[in-house]
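Here is how the chains run, residue by residue.
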Number of protein chains: 2
Amino acid sequence: MSHPTLEDVAARAGVSRALVSLVMRGSPKVGKERREAVLKAADELGYRPNVMARGLAAGRTGMAGVLAADLHDPLFASVHDGLAEEAGRRGVRLLLASGGGRPARERAALGELFDLRLDGLLLAGPRIAAAEIERAAAGCPVAVVGRSLRSAGVDCVTADDAAAVRLAVTRLADLGHRRIACMSVGRSRLEKAFEAAVDEAGLTAVEDLRWRSPGAPTAVLALGDVTGTAALTGLYRAGLDVPGEVSLIVHGDAPGAAAAGVTTVAAPPAELGRLAMAALLDRIGGAGGGGGGGGAAGEGRRVTVPPVLTERTTTRPLTP
Amino acid sequence: MSHPTLEDVAARAGVSRALVSLVMRGSPKVGKERREAVLKAADELGYRPNVMARGLAAGRTGMAGVLAADLHDPLFASVHDGLAEEAGRRGVRLLLASGGGRPARERAALGELFDLRLDGLLLAGPRIAAAEIERAAAGCPVAVVGRSLRSAGVDCVTADDAAAVRLAVTRLADLGHRRIACMSVGRSRLEKAFEAAVDEAGLTAVEDLRWRSPGAPTAVLALGDVTGTAALTGLYRAGLDVPGEVSLIVHGDAPGAAAAGVTTVAAPPAELGRLAMAALLDRIGGAGGGGGGGGAAGEGRRVTVPPVLTERTTTRPLTP
DNA sequence: TTGAAAGCGCTAACAT
DNA sequence: ATGTTAGCGCTTTCAA
């Protein structure tokens, strides 16, 4: 028999199906003798409960779905570590689906996860429209990590980028740097944060990148992983000694950065994941106690994760 | 109503449940009029079929499970591209689970996927014991990519590493190199393949790495991504011009290699995935026609994928 | 403490 | 062409 059922186990143990069901879920209200008989029969038969059937009957699955916008993004793996840790701690299983980096695929994947009627859905860095996420959230608890939705019914966990920029600038100031340049590719919001931070610290933001000229910057803050890599190679190519002549901090924490030894500032990805999963599971758990209606109960928590500065080999005190 | 069911749709359209079921699956044996009424009702209610219930009743889910040994491995994302492509082409949905890089977790994840009673399971680079995989394969079609099991009942797709080494050596020979070094960390099988390839091409394998000495190698073959990175930095650090003085080919195709511009030789990961999924789906599809018993039907196909050499910037013809 | 019975939402023979 | 009737494997009242 390829897939023994509860009934097979019951027959072999000489009890009823319901009793087996109780035993399988570790209910305390079963006699020791019977329990062992059931366990023995189950083991001999190689019985494994059918999750689909269980979910259908119980109305909950004990599983949450995770939608990864793009599996290629190395950040996702780290975020997932956090997701898995928190889910594991609370006894929830995770099922993933991939958006393949394309919104159309992502939309489809979201639909598939939704149709599974899992206990909740966690969207990692979704690229689809907010309205589509809200629609899903109307039928099932949803949390989002890596993107902030301005809508109730969805919990969002994001990195505090502005704080990260401030942290980097502060650190550079502490190291004695006075003239700092910011390299960025169209992140105006963060560029503004940079300028504000520089002002606040009493430093000067330098835009002129003629190195070794009198007013040249002594430190660079690069916004984003790719910009960071470009910045580093650019500095090297310009013949500059890093960190001898110029210090570099990259905002963003792609795993490659650690290997390359660059100093980074960013919210720890796994922590983002942990908090997002915690929010989702809280929402799921609270569904029974709270007052709201449907899966869209609650106000839509908005969590922001503080940055961590990881000093590696591209920063050093300014020594004139 | 949060989750309308088939019955709700039937009631609203004034037909029976079965008819709605037929319409939902696009059966041709339904009158145009009724069909439209059903579709309209379903749409108004926002009906979405419950995959669990469907799977339970139909005995098949239209989904395959993918177990990633480690999400952090950048190779997996590429393999998954291939898996997704082939599955998509054949109308099969994919559900992933992660082994988190730890055999214990992987074992657990395999069990969870198994308990879902999906149509098939695809294991990517599994690190658990062969016996455990075989046990799963006894209850459900299983294919493995990135590892070769010597057991019937499981299809395996792997890269042809020996051919890759041969290809690299041949190319180096074509470029005029005569003395080649092989850098490797405990891959004796491939080292032997290297030596054989070098012999065959009439070249000489050099072990002495004193650069710029008379007998120094003019080309290096590094086995594995990390070894490759180490080799490249090592050469640079030794003050050598690559590819001016030494050509380098890395066996293994981590995405980082492309960015770093190193010439690589490896089986295309997505192709591995495509073939593995094809094997799995063939096995699933063939389950009805063939003669074997259970999910372990068939002989256990063993597919090997030929390498591709991608010439980037670390190789060039020998110019004495 | 144990068993019987009624579904969960759907599909798949069977009727009609 | 459309409706009826059983289940799929499990959980969960409700009785005993």
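Note that the structure is a prediction, hence the values are computed from the model and not measured. (Residues numbered from 1 in each chain as written. Chains lettered and ligands numbered in written order. Predicted model: local features only at pLDDT ≥ 70, side-chain atom pairs only at ≥ 80, totals over all residues. Heavy atoms only, no water.)

All right, on to the sheet that holds strand E9 (residues 247-251) of chain A then. Residues and elements named next belong to chain A. The sheet built from 6 strands is open, its strands ordered E7-E6-E8-E9-E10-E12 with mixed pairing. At either margin of the open sheet sits one strand with a lone partner, and together these are strand E7 (204-206) and strand E12 (308-310). Taking each pair of neighbouring strands and ignoring which way they run, the sheet shows an average axis angle of 25°. Pairing between strand E6 (residues 179-183) and E7: 3 bridges, direction parallel. Residue pairing in the sheet places Arg-179 in a bridge with Thr-204 of E7. Where helix H8 (residues 161-174) meets the sheet, its contacts fall on E6, strand E8 (219-223), E9, strand E10 (263-266) and E12, and the angle it forms with E8 comes to roughly 165°. Lying over the sheet, helix H10 (residues 225-237) contacts E6, E8 and E9, oriented at roughly 165° with respect to E9. (Pairing = 2+ DSSP bridges. Helix = DSSP H or I, 4+ residues; strand = E, 2+ residues; numbered from the N terminus. Axes fitted to C-alpha atoms, helices over the stretch in contact; angles between N-to-C directions. Contact = heavy atoms within 4.5 Å.)

As a further point, take the interface of chain A and chain B. Facing 35 residues of chain A, the contacting portion of chain B comprises 35 residues. Across the chain A/chain B interface, buried area totals approximately 3,300 Å², and carbon plus sulfur atoms make up 62% of it. Where chain A touches chain B, the interface holds 4 salt bridges. With a closest N to O distance of 3.7 Å, Glu-112 of chain A and Arg-93 of chain B form a salt bridge. Listed by contribution, the elements that provide at least two residues to the side of chain A that touches chain B are helix H4 (51-58), helix H5 (74-89), strand E2 (93-98) and helix H6 (103-115) of chain A. Classifying every residue of the side of chain A that touches chain B gives 18 nonpolar, 10 polar and 7 charged. (Buried area = accessible area lost by both parts, 1.4 Å probe. Salt bridge = Lys/Arg side-chain N within 4 Å of Asp/Glu carboxyl O. Nonpolar A, V, L, I, M, F, W, Y, C, P; charged D, E, K, R; others polar.)

The next point concerns the protein's contact with DNA strand D. Neighbouring residues of DNA strand D: 24 residues in total, closest Leu-6, Arg-17, Ser-21 and Tyr-47 of chain A together with Gly-31 of chain B. Sugar and phosphate atoms constitute 70% of the interface atoms of DNA strand D, taking the interface as everything within 4 Å of the protein. Within the side chain of Ser-21 of chain A, one N or O atom sits 2.7 Å away from a phosphate oxygen of DNA strand D. In the model, a phosphate oxygen of DNA strand D is placed 3.1 Å from a nitrogen or oxygen of the Asn-50 of chain A main chain. Going through the elements one at a time, helix H2 (17-24) and H4 of chain A together with helix H2 (17-24) and helix H4 (51-58) of chain B are the ones with two or more residues in the surface near DNA strand D. Counting residues per element, the surface near DNA strand D draws most heavily on H4 of chain A, at 4 residues. (Near = heavy atom within 4 Å. Polar contact = N/O pair within 3.5 Å; in protein donor to acceptor, adjacent residues only side chain to side chain.)

Taken together, the side chains of Glu-195, Asp-199, Glu-200 and Glu-207 of chain A present a region of like negative charge at the surface. The exposure class assigned to Glu-195 of chain A is partly exposed, which follows from its relative accessible area of 40%. (Patch = residues over 30% accessible without salt bridge, like charges linked within 9 Å, V, L, I, M, F, W, Y side chains within 5 Å. Areas by Shrake-Rupley, 256 points an atom, 1.4 Å probe, with all protein chains shown as cover. Lys, Arg positive; Asp, Glu negative; His and termini not counted. Charge placed at Lys NZ, Arg CZ, Asp CG, Glu CD. Buried < 20%, exposed > 50% of the residue type's maximum accessible area, 1.4 Å probe, protein only.)

Right, let's talk about the pairing of E10 of chain A for a bit. All names here are of chain A. With burial as the criterion, each face of E10 is covered, one bearing Thr-263 and Val-265 and the other bearing Thr-264 and Ala-266. Pairing of E9 with E10, which is carried by 3 bridges, proceeds in the parallel orientation. Within the sheet, the bridge partner assigned to His-251 lies in E10 and is Val-265. Where the polypeptide runs from E9 across helix H11 (residues 255-260) and back to E10, its parallel neighbour, the crossover connection is right-handed. (Right-handed = clockwise from strand over helix to strand, strands pointing away.)

Turning our eyes to something else, we now look at the environment of Met-52 of chain A. Along the polypeptide, Met-52 of chain A turns up in helix H4. It is 9.1 Å that separates the C-alpha atoms of Met-52 of chain A and Leu-116 of chain A, two residues lying 64 residues apart in sequence. Beyond its immediate chain neighbours, meaning those up to four positions away, Met-52 of chain A contacts Met-52, Thr-61, Met-63, Leu-116 and Leu-118 of chain B.

Moving on to the environment of Cys-182 of chain B. Residues and elements named next belong to chain B. Within the secondary structure, Cys-182 is located in strand E6 (residues 179-183). Expressed as a C-alpha distance, the spacing of Cys-182 and Pro-217, which sit 35 residues apart in the sequence, is 9.6 Å. With residues near it in sequence (within four places) discarded, Cys-182 still touches Phe-194, Val-206, Leu-221 and Leu-223.

Mapping chain A onto chain B calls for a screw motion: a turn of 180° about the axis and a shift of 0.0 Å along it, with 0.1 Å RMSD after fitting. What the superposition gives is, in effect, a two-fold axis relating one chain to the other. Here 100% of the interface residues in chain A have copies in chain B that are interface residues too; the copies meet face to matching face. (Least-squares fit on C-alpha atoms with pLDDT ≥ 70 in both.)

A separate point is the UniProt feature "domain: HTH lacI-type" (unreviewed entry) in chain A. Mapped onto this numbering, the UniProt entry gives "domain: HTH lacI-type" (unreviewed entry) at residues 4-58 of chain A. Taken end to end, residues 4-58 of chain A has its terminal C-alpha atoms 20 Å apart, with 69% of it in helix and 0% in strand. (UniProt positions renumbered as here; feature names shortened; annotations may be inferred.)

A word on unusual backbone geometry. For the peptide bond that leads from Val-242 of chain A to Pro-243 of chain A, omega is 10°, which places it in the cis range. The topology assignment puts Pro-243 of chain A in the loop between H10 and E9. At Arg-212 of chain A, a residue that is not glycine, the phi angle is positive and equals roughly 70°. For Arg-212 of chain A, a relative accessible area of 57% corresponds to the exposed category. Non-glycine residue Arg-117 of chain B carries a positive phi angle of around 55°.

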